[in-house]
Amino acid sequence: MPRKKTNAVPALGRTINVRVPTELEGEVRQVCKAHDLSTSNFCRKAIRHFLHAVKGKDHLYQELHK
């Protein structure tokens, strides 16, 4: 019988691996440390914010092509 994961959160059961430049990783870690926020939580918030900002646009950089 498989072992039950005791700390698994069903609503957050999916993962996305993202490769980032070293400089960006350092900036993210600094912000997370300054705000006492986990990297995972910060990235979830950042992705939600970005998706909200680009929803309804024809392409991601629409504001640059005016």
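Residues numbered from 1 in each chain as written. Predicted model: local features only at pLDDT ≥ 70, side-chain atom pairs only at ≥ 80, totals over all residues. Heavy atoms only, no water.

Peer 1: Which residues make up the overall build of the protein, and what values do they have?
Peer 2: Within the protein, the secondary structure is distributed over two helices and zero strands. Classification of the 66 residues of the protein by burial places 5% in the buried group. Accessible surface, the protein: about 7,000 Å² in total, of which carbon and sulfur atoms supply 55%. (Helix = DSSP H or I, 4+ residues; strand = E, 2+ residues; numbered from the N terminus. Buried < 20%, exposed > 50% of the residue type's maximum accessible area, 1.4 Å probe, protein only. Areas by Shrake-Rupley, 256 points an atom, 1.4 Å probe, with all protein chains shown as cover.)

Peer 1: Tell me about helix 1 (residues 22-34), residues and numbers included.
Peer 2: Here helix 1 is 13 residues long and its end C-alpha atoms lie 18 Å apart, about the 18 Å a rise of 1.5 Å per residue gives. Downstream of helix 1 by one or two residues, Asp36 has phi in the positive range, about 50 degrees. (Expected span 1.5 Å × (residues − 1).)

Peer 1: Outline the pattern of salt bridges, listing residues and values.
Peer 2: Per the counting criterion, the structure on display carries one salt bridge. For Glu25, the salt bridge identified is with Arg29, shortest N-O distance 2.6 Å. Residue Glu25 and its partner Arg29 are both found in helix 1; the two are separated by four residues, about one turn of the helix. On the basis of relative accessible area, Arg29 is assigned to the partly exposed category, the value being 49%. (Salt bridge = Lys/Arg side-chain N within 4 Å of Asp/Glu carboxyl O.)

Peer 1: Pulling in residues and values, what's your account of unusual backbone geometry?
Peer 2: With a phi close to 50 degrees, Asp36 is a non-glycine residue in the positive phi region. With respect to the element layout, Asp36 can be found in the loop between helix 1 and helix 2 (39-54). A relative accessible area of 74% means that Asp36 is categorised as exposed.

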